[in-house]
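So the chains spell out like this:
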Amino acid sequence: MKIRLDILGKKYNEDKQYIRSFEYEYSDAGATVAAALCDINKREPLLDINKEPSEPIRWECSCLQKKCGACAMLINGRPRLACDAKLSEYGEAVSLAPLKKFPQVADLIVDRQPIFDNLRQIELWLGEKAQPDEKRTQLIHEASRCLQCGCCLEVCPNFYPGGDFKGMAAAVPLSRLISAVSDTEKKRIFAEYEKYFYAGCGKSLSCKDICPAGIDTEYLMVNSNAAAVWKRKR
Ligand code: SF4
Ligand code: SF4
Ligand code: FES
């Protein structure tokens, strides 16, 4: 099978964007976008679809097993992990672009530091020993799968870096704390959830079914709203 990859890139320290296209042949039906990027970058010489010499495609990966979130990018306009996107889903051509909510560093690499700055700003930690409620084990397990990949932020109409609303990438780890919080820390964690997530979330649920880790964002949000905002025990 043969596919064309159209990549919206840019060089380090330059603003101008450009598209490079590469042809890629594969026989394994399970071949992924990540596999194609790895193989293309190994070519010597590396030529684009017009047989012109090309620099390697700059992109990030670490685990290649859907565990680190580093390879998140727009694949045919939808945020996905490159190591989880099968080429066979895309027919003869597929477009790759960096996530748009974060500064583009080079080609498919973005600076996701705003996600981690948000977690620091919220002070997303407990000051004393946590005592998770056994009834909430499923919820804590669900939340612990977050990769901080940013896919949910990409589709969220209310999130932009630097804003007060920190989006689902903050609400998911917050929901773990909400499930484990002691009486003395309840006030702070609940207030942070309300200020940094609940107040700004439009409940559009655009983030539903987008998470590559399969996190049920609606389930976590409903539980966190009930505990932190409505002070209901669930
Ligand atoms: S909730 Fe899902 S989509 Fe959002 S950052 Fe975590 S892993 Fe990525
Ligand atoms: S429900 Fe809508 S506004 Fe709230 S986090 Fe999800 S996408 Fe964003
Ligand atoms: S390389 Fe780690 S999630 Fe894709």
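About the cut-offs
- Residues numbered from 1 in each chain as written.
- Chains lettered and ligands numbered in written order.
- Predicted model: local features only at pLDDT ≥ 70, side-chain atom pairs only at ≥ 80, totals over all residues.
- Buried ≥ 20, exposed ≤ 12 C-beta atoms within 10 Å, placed from the backbone.
- Helix = DSSP H or I, 4+ residues; strand = E, 2+ residues; numbered from the N terminus.
- Arc of directions from axis to C-beta.
- Contact = placed C-beta atoms within 7 Å.
- Core = buried A, V, L, I, M, F, W, Y, C linked by C-beta atoms within 7 Å.
- Near = placed C-beta within 6 Å.
- Nonpolar A, V, L, I, M, F, W, Y, C, P; charged D, E, K, R; others polar.
- Pairing = 2+ DSSP bridges.
- Axes fitted to C-alpha atoms, helices over the stretch in contact; angles between N-to-C directions.

(A) Here's a closer look at helix α6 (residues 183–198). Those residues of α6 that sit buried are I189, F190, E192, Y193, Y196 and F197. Angular distribution of buried residues about the axis of α6 spans 165°; they occupy a single face of the element. In α6, those exposed residues whose orientation departs by more than 90 degrees from the buried face are K187 and A191. On its buried face, α6 is in contact with α2 (113–122), α5 (168–180) and α7 (217–229).

(B) How the structure looks around the nonpolar core. With 60 residues, the main nonpolar core has V33, C71, M73 and A82 as its most contacted residues. Sequence-distant contacts of C71, defined by excluding residues within four places in its chain, comprise A34, W59, E60, C61, L81, A82 and C83.

(C) Structural context of the site of ligand 2. Neighbouring residues of ligand 2: C156, N158, F159, G167, M168, C201, G202, K203, S204, L205, S206 and C207. Residues of the shell around ligand 2, tallied by class, amount to 6 nonpolar, 5 polar and 1 charged.

(D) Fine view of the site of ligand 1. Around ligand 1 lies a shell of 14 residues, among which C146, C149, C151, C152 and C211 are the nearest. Elements with a contribution of two residues or more to the shell around ligand 1: α4 (151–154) and α5. In terms of residue count, α5 provides more of the shell around ligand 1 than any other element does, 3 residues in total. The residue makeup of the shell around ligand 1, split by class, is 11 nonpolar, 3 polar and no charged.

(E) Structural view of the sheet that holds strand β1 (residues 2–9). Taken together, 5 strands build an open sheet; the order of strands is β2-β1-β5-β3-β4 and the sheet is mixed. Either end of the sheet is taken by a strand with one partner, and the two such strands are β2 (18–25) and β4 (78–81). Ignoring which end each strand starts from, the neighbouring axes of this sheet average 35° apart. Bridging between strand β3 (residues 72–75) and β4 involves 4 bridges; their strand directions are antiparallel.

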